[in-house]
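# Residue-level structural notes
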Amino acid sequence: MTSKTRMAASDGAGLHRTIDWKGAFWVASGVPALVLFSIGGIGGIGGTAAFAIWVVSMLMGFVQSFTYAEIAGLFPNKSGGASVYGAAAWLKYGKFLAPLSVWCNWIAWTPVLSLGCAIAAGYIMNGLTPIPGADSPDVVAWLADPVNAGKTVEEAVATLTPALQTWTLVSFEIPGVTVFSIGTPFFIGAILMLIVFAIQHRGILGTARVQMIVGLVIVIVMLIFGVVPLLQGKVDAANFTPLLPISGAWDLGGWTLVLGGMFIAAWSTYGFETAVCYTREFKNPGTDTFKAIFYSGLLCLLLYILVPFTFQGVLGVAGMTDPGVVAGTGVATAMAHMVGGGPTVEGTLVILMILALVLAIMTAMAGSSRTLYQGSVDGWLPRYLSRLNTHGAPTNAMWTDLAFNLVLLTFAASDAASYYIILAVSNCGYIIFNFLNLNAGWIHRVDAGHIKRPYRAPTILLALGTILAFVNAAFMGAGAAVWDLNPDVGIDPLWAGLIAAAVIVPVFWYRHYVQDGGKFPVAMMEDLGIKDGNDLGEKRAGALPYLAILGGIAVMLIAKWIAG
C-alpha cells in the first residue's frame with residue numbers, strides 16, 4: 001500500500017492534485033479582506049500611529065513567509081499549511097509540542113468564519129431594514145407629532161427601529177464575560193456559512209474558480225479605494241502627525257497600546273501563509289509552493305499598506321474610531337464618503353463588502369479544514385477528521401469548522417466587545433503557531449539539512465524570522481491585555497488564549513494513546529523518512545529547541561509584567 005493510498009479518506013479518495021500556484025493565490029486572495037475586520041479597532045488604539053502598525057506588521061509577515069515557503073517544500077504530499085510542516089520538526093523533541101502547532105493554527109483561522117459572518121449579517125440587516133438616523137425624516141416627523149411631545153431622539157430611534165434588527169429567539173448574559181444571543185444576525189450568518197460550505201464541498205478546484213472571480217472583483221475594488229482618494233487629493237498629511245498612539249504620548253501606556261495593535265494586526269497581515277496550505281493539491285508542488293506564498297505576499301504587501309494609509313489619510317483618527325467602523329459594519333459607508341459617492345455607490349459597496357467577507361470566509365474554511373484533515377491523517381487529531389468526499393474535500397473537517405463557528409457566532413454577533421475578545425483569544429493561538437513554526441525553520445535545517453529543498457530561503461531571512469518569533473512573543477505578552485474588555489472577570493485574552501491552546505493535550509492524548517495505541521500512522525512516519533516507528537531519529541539540535549521555548553515563554557511573561 002502506498003503512502004498516497006494510506007493518506008486517503010475512508011472512501012478511498014485522496015486530495016486531488018488539480019491546482020497550480022495561481023489557484024492557491026486566488027484561494028488566498030481573501031486574506032487582504034481581513035484588514036476590514038480590525039482596521040477600526042487598531043485605529044482606536046493606534047491613533048495616528050495606526051498606519052505605521054499595519055506597515056511594520058505586514059513587513060514582518062512577508063519576511064516570515066520565506067521560512068514557511070522552505071519548510072512547505074519539504075513535504076509535497078502533505079496538506080494543512082505551515083503548522084503541519086512545522087510540527088514535523090518538533091516531533092522528536094516532544095510528542096505534545098508537534099500537535100500544539102497544528103491546533104493553534106486552527107484556533108487562529110477558524111474564527112474568521114464566525115467573525116466574518118457576524119459583520120456580513122450586519123450589512124445585510126442594515127441593507128434590508130436600516131436603523132433610522134437621529135436626523136432622518138422619520139425621526140424628525142415622529143418627534144414633531146404632538147403625541148410624542150417630550151420624547152427624546154433615542155426613544156424615537158428605538159421606536160422606529162425595524163423588528164428584524166432587534167428580534168431575538170433566545171438571549172442571556174454570561175455574567176462578566178459576554179452575551180449569548182440567537183437572533184436575526186445568527187440565522188443570516190448561519191446561512192452564509194452553509195453557502196460557503198456548499199461551494200467548498202465540490203473540492204479545491206471549484207473553490208479556486210469561485211474565488212478567482214470574486215477575488216478579482218474585491219482586489220480591484222480595494223485598489224480603487226486605495227488609489228482614487230490619493231488622485232483626488234483627499235489624503236490629508238495632518239492625519240498622520242504627530243505620530244502618536246491614541247493615548248497621546250510615547251510612554252509605557254502608549255507603547256503598550258502600539259504593541260496591542262501589532263498583536264491584533266498580525267492576525268490579518270500574516271494570514272497569506274495559508275497559500276501553502278494546498279501543497280498536497282498542487283500539480284507541481286516543487287515550484288508551485290514558493291510561487292503561491294510569494295505572490296500572495298506581494299498582493300498583501302500592496303493592499304495592507306495602501307488601504308490603511310488611504311483610510312487614515314482621508315478619515316483621520318475620528319473617522320477610524322467611529323463605532324460603525326470599529327464594529328466593521330460601517331466600513332462601506334466610510335469608503336463611500338472617501339470617494340464622494342452617494343447612495344448608489346454606498347449600496348454597491350455594501351454588496352461588495354459582503355462579497356469580500358464571503359471571500360475571507362471561504363479562504364478560512366478551505367485552510368482551516370485542511371489543517372484539521374492533515375492533523376488527523378498525521379495522528380495529531382481524532383480519526384474522523386480525515387474523511388474526504390468524492391471531490392477530495394475534507395467534509396468532516398468542514399462540518400467541524402461549521403459547528404464550532406455556529407457556537408462562536410452566538411457570541412460574535414451579540415456586540416463589538418465579544419467580537420474583539422474572540423479575535424484576541426484566537427490570535428494568541430496564531431502567535432504560538434508562528435513562534436513554533438519560525439523556529440521549525442532552523443530545526444529542519446539542523447536535523448534535515450541533507451534533504452533537497454525545492455526552495456531554500458536565504459539564511460539571513462531564516463535567522464531574521466527566528467528573531468521575529470520572539471518579537472511576536474513580546475507582542476502577545478504585552479499586547480493581548482489591551483483587548484481585555486472585561487477586566488473585572490480576572491482572565492484577560494492572554495490567559496484565555498493559553499487555556500484554549502492547552503485543550504490540545506487531552507485531544508492528542510485521546511487520539512495517540514487511545515485510538516492509535518501510542519503509535520503514529522505509518523504514512524506520516526514515511527513522510528519524515530522514518531521506517532522504524534519507534535526511532536524518531538537523532539536530536540541533532542540538542543537542547544536548543546527547548547531553550548527556544550523557554551526563551552519565548554520568558555519574553556512573553558516579561559513583556560506582560562512590564563506592560564502591567
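Treat the numbers as computed from the prediction; the structure is a model and nothing was measured.

Thresholds, definitions, all that
- Residues numbered from 1 in each chain as written.
- Predicted model: local features only at pLDDT ≥ 70, side-chain atom pairs only at ≥ 80, totals over all residues.
- Heavy atoms only, no water.
- Helix = DSSP H or I, 4+ residues; strand = E, 2+ residues; numbered from the N terminus.
- Buried < 20%, exposed > 50% of the residue type's maximum accessible area, 1.4 Å probe, protein only.
- Contact = heavy atoms within 4.5 Å.
- Pairing = 2+ DSSP bridges.
- Phe/Tyr/Trp six-rings, centres within 6.5 Å; stacked < 30°, edge-to-face > 60°.
- Patch = residues over 30% accessible without salt bridge, like charges linked within 9 Å, V, L, I, M, F, W, Y side chains within 5 Å.
- Areas by Shrake-Rupley, 256 points an atom, 1.4 Å probe, with all protein chains shown as cover.
- Salt bridge = Lys/Arg side-chain N within 4 Å of Asp/Glu carboxyl O.
- Expected span 1.5 Å × (residues − 1).
- Disulfide = S-S within 2.5 Å.
- Core = buried A, V, L, I, M, F, W, Y, C linked by side-chain atoms within 4.5 Å.
- pLDDT = per-residue confidence, 0-100.
- Axes fitted to C-alpha atoms, helices over the stretch in contact; angles between N-to-C directions.
- Parallel < 35°, antiparallel > 145°, perpendicular 65-115°, else oblique.
- Nonpolar A, V, L, I, M, F, W, Y, C, P; charged D, E, K, R; others polar.
- Polar contact = N/O pair within 3.5 Å; in protein donor to acceptor, adjacent residues only side chain to side chain.
- Left-handed = near helix turned anticlockwise from the far one by under 90°.

Within the protein chain one finds 24 helices and 2 strands. When burial is assessed residue by residue, the protein chain has 59% of its 564 residues classed as buried. A separation of at least 24 residues holds for 82% of the contacts in the protein chain among residues at least 6 apart in sequence.

Right, let's get into the pairing of strand E2 (residues 178–183). Counted residue by residue, E2 has 5 buried out of 6 residues, so it is predominantly covered. Of the strand pairs in this sheet, strand E1 (residues 168–174) and E2 are connected by 6 bridges, and their pairing is antiparallel. Bridged to Glu173 within E2 is Val179.

The tally for this structure, following the rule as stated, stands at 28 aromatic pairs. An angle of 45° between the planes, with centres 6.1 Å apart, marks the rings of Trp380 and Phe508 as tilted. Taken together, the positions of Trp380 in the loop between helix H17 (343–377) and helix H18 (395–412) and Phe508 in helix H22 (residues 504–515) put the pair 128 residues apart, joining distant regions of the chain. Each member of the pair, Trp380 together with Phe508, is buried. In textbook terms, an aromatic cluster arises when at least three aromatic residues are bridged by ring pairs, as seen for Phe62, Phe66, Phe290, Phe294, Tyr295 and Tyr455.

Next up on the list: a nonpolar patch on the surface. Taken together, the side chains of Phe96, Val505, Trp509, Tyr510, Tyr513 and Val514 make up a nonpolar region of the molecular surface, amounting to roughly 570 Å² of accessible area. Along the chain, Val505 falls in helix H22.

Helical geometry: 3.6 residues make up each α-helical turn, so side chains three or four residues apart lie on a common side. Relative to the 18 Å expected for 13 residues at 1.5 Å per residue, helix H6 (residues 97–109) spans 19 Å between its end C-alpha atoms, a close match to the ideal helical length. Taking burial as the measure, the 13 residues of H6 include 13 buried ones, the bulk of the element.

Here the bond from Thr241 into Pro242 is cis, since omega is -15°, no more than 30 degrees from zero. Along the chain, Pro242 falls in the loop between helix H12 (204–231) and helix H13 (252–269).

Under the criterion given, the structure shown has 0 disulfides. For the unlinked cysteine Cys104, the closest cysteine sulfur is that of Cys428, found at 9.4 Å.

Attention now goes to the pattern of salt bridges. Should the charged atoms of two oppositely charged side chains come close, the side chains can pair. Applying the stated criterion to the full structure yields 4 salt bridges. Taking the shortest distance from any N to any O, the salt bridge between Asp516 and Arg383 comes out at 2.7 Å. Remark: Arg383 occurs in the loop between H17 and H18 and Asp516 occurs in the loop between H22 and helix H23 (522–527); sequence separation between them is 133 residues. Residue classification places Arg383 among the partly exposed positions, given a relative accessible area of 43%. With its nearest N and O atoms 2.8 Å apart, the salt bridge here joins Asp516 to Arg511.

Glancing now at the environment of Tyr295. Tracing the backbone through its elements, the reader meets Tyr295 in helix H14 (residues 285–320). What makes Tyr295 partly exposed here is its relative accessible area of 37%. Once residues lying within four places of it in the same chain are set aside, the contact partners of Tyr295 are Trp21 and Phe25.

Attention shifts here to the nonpolar core. Counting 161 residues, the largest nonpolar core has Leu34, Phe37, Tyr123, Phe263, Phe311 and Trp380 as its most contacted members. By residue number, the principal contributor to this core is helix H19 (residues 416–447), which donates 16 residues. With residues near it in sequence (within four places) discarded, Phe263 still touches Ala424, Asn427, Cys428, Ile431, Phe475, Met476, Gly479, Ala480 and Trp483.

Looking at the protein chain, the pLDDT average stands at 83 and 89% of residues meet or exceed 70. Under a pLDDT of 50 for its full length, residues 1–13 has, in the predicted model, 25 contacts with residues more than four places off or in other chains.

What follows covers the packing of helix H4 (residues 50–73) against H14. At a minimum axis distance of 9 Å, the contact between H4 and H14 shows a crossing angle of 170°. Between H4 and H14, the crossing angle belongs to the class labelled roughly antiparallel. A breakdown of the residues in the contact of H4 with H14 according to their chemical character gives 22 nonpolar, 5 polar and no charged.

Examined against the element boundaries, Ser376 turns out to sit in helix H17. From its side chain, Ser376 meets the backbone nitrogen of Ser386 in a polar contact 3.3 Å long. Leaving out residues up to four positions away in the same chain, Ser376 has contacts with Leu381, Pro382, Arg383, Tyr384, Leu385, Ser386 and Arg511.

Locating Leu115 in the fold gives a position in helix H7 (residues 111–128). Separated by 293 residues in the primary sequence, Leu115 and Leu408 place their C-alpha atoms 8.3 Å from one another.

In contact at an axis separation of 9 Å, H4 and helix H20 (residues 459–479) are set at 125° when each is read in the N-to-C sense. Relative to H20, H4 is oriented oblique. You can see that H4 and H20 cross each other, and the crossing is left-handed. Contacts from Met60, Val63, Gln64, Phe66 and Thr67 in H4 reach Leu461, Leu462, Leu464, Leu468, Val471, Asn472 and Phe475 in H20. The residue inventory of the contact of H4 with H20, partitioned by class, reads 9 nonpolar, 3 polar and no charged.

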